[in-house]
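What follows is the residue order along each chain.
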Amino acid sequence: MNIKSKVFASRILGKRPDALAEVRGSAAYPNIRGSVGFYAALNGTLVVSEVTGLPYSNEACKQAVFGMHVHEGNSCTGNAEDPFADTKGHYNPKNCKHPQHAGDLPPLFGNDGSAWNAVYTNRFKPQDVIGRTVIIHSSPDDFTTQPAGNSGKKIACGVIKPS
């Protein structure tokens, strides 16, 4: 990391996010808790995620990887089959193919039930996603399968709100 990158990161992460999603697990995953912050940065957004209570295995080489996306829906509600059905599909205002949706994000790598990551994207700004949802999926996104990457069940959700 060069000095400009270090200064940029400390300047951004030293302030409140412009938007924030408090993520909670579904009834099947009640221990999942976390936050996803959206920071205005350059001509886009720095997305910072911190999640605990993720499912994990104690077996060597079996740590889980979870898909994570911004979805277009505005509610973490659903039905018995899909507790977060009302999140709808990936946020995709330009009608791109997957994995070029604006809401496509890198996966969360589980570490004994916890995950943290940060990614910069110029596909949206924080104000573009306020009122939308963040979803954590049970499986990693394969970045190929249409329309959504074959990421498995929606196991946690949070509505993105102004911070």
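## Some details on the state of the cysteines
Following the criterion strictly, the structure yields 1 disulfide and no others. Put simply, C76 and C157 are joined by a disulfide, and their sulfur atoms are 1.9 Å apart. With the S-S dihedral at roughly -75°, the linkage between C76 and C157 falls on the left-handed side. Of this pair, C76 sits in the loop between β5 (68-71) and β6 (108-109) while C157 sits in strand β9 (residues 154-162); the two residues are 81 residues apart in sequence, bridging distant segments of the chain. Taking relative accessible area as the criterion, C76 reaches 25% and is therefore assigned partly exposed. When its relative accessible area of 3% is taken as the criterion, C157 is described as buried.

## Here we look at the pattern of salt bridges
All chains considered together, the criterion is met by 2 salt bridges. The partner of D18 in a salt bridge is K15, with the nearest N and O atoms 3.6 Å apart. When its relative accessible area of 31% is taken as the criterion, D18 is described as partly exposed. A salt bridge links D82 to K154; the nearest nitrogen and oxygen atoms lie 3.2 Å apart. With D82 in the loop between β5 and β6 and K154 in strand β9, the pair connects residues that are 72 residues apart, well separated along the chain. Residue classification places K154 among the buried residues on the basis of a relative accessible area of 15%.

## Quick look at the sheet that holds β5
The strand order across the open sheet formed by 7 strands is β5-β8-β9-β1-β2-β3-β7, and the pairing between neighbours is antiparallel. Only two strands of the sheet have a single neighbouring strand rather than two, namely β5 and β7 (115-121). In this sheet, neighbouring strand axes are inclined to one another by 20° on average, regardless of whether the strands run parallel or antiparallel. In this structure, strand β2 (residues 33-41) lies alongside strand β3 (residues 44-52), joined through 9 bridges in antiparallel fashion. In the strand pairing of β3, G34 is matched with V51.

The rules behind each value
Residues numbered from 1 in each chain as written. Predicted model: local features only at pLDDT ≥ 70, side-chain atom pairs only at ≥ 80, totals over all residues. Heavy atoms only, no water. Disulfide = S-S within 2.5 Å. Helix = DSSP H or I, 4+ residues; strand = E, 2+ residues; numbered from the N terminus. Buried < 20%, exposed > 50% of the residue type's maximum accessible area, 1.4 Å probe, protein only. Salt bridge = Lys/Arg side-chain N within 4 Å of Asp/Glu carboxyl O. Pairing = 2+ DSSP bridges. Axes fitted to C-alpha atoms, helices over the stretch in contact; angles between N-to-C directions.

That is the geometry; function is a separate question.
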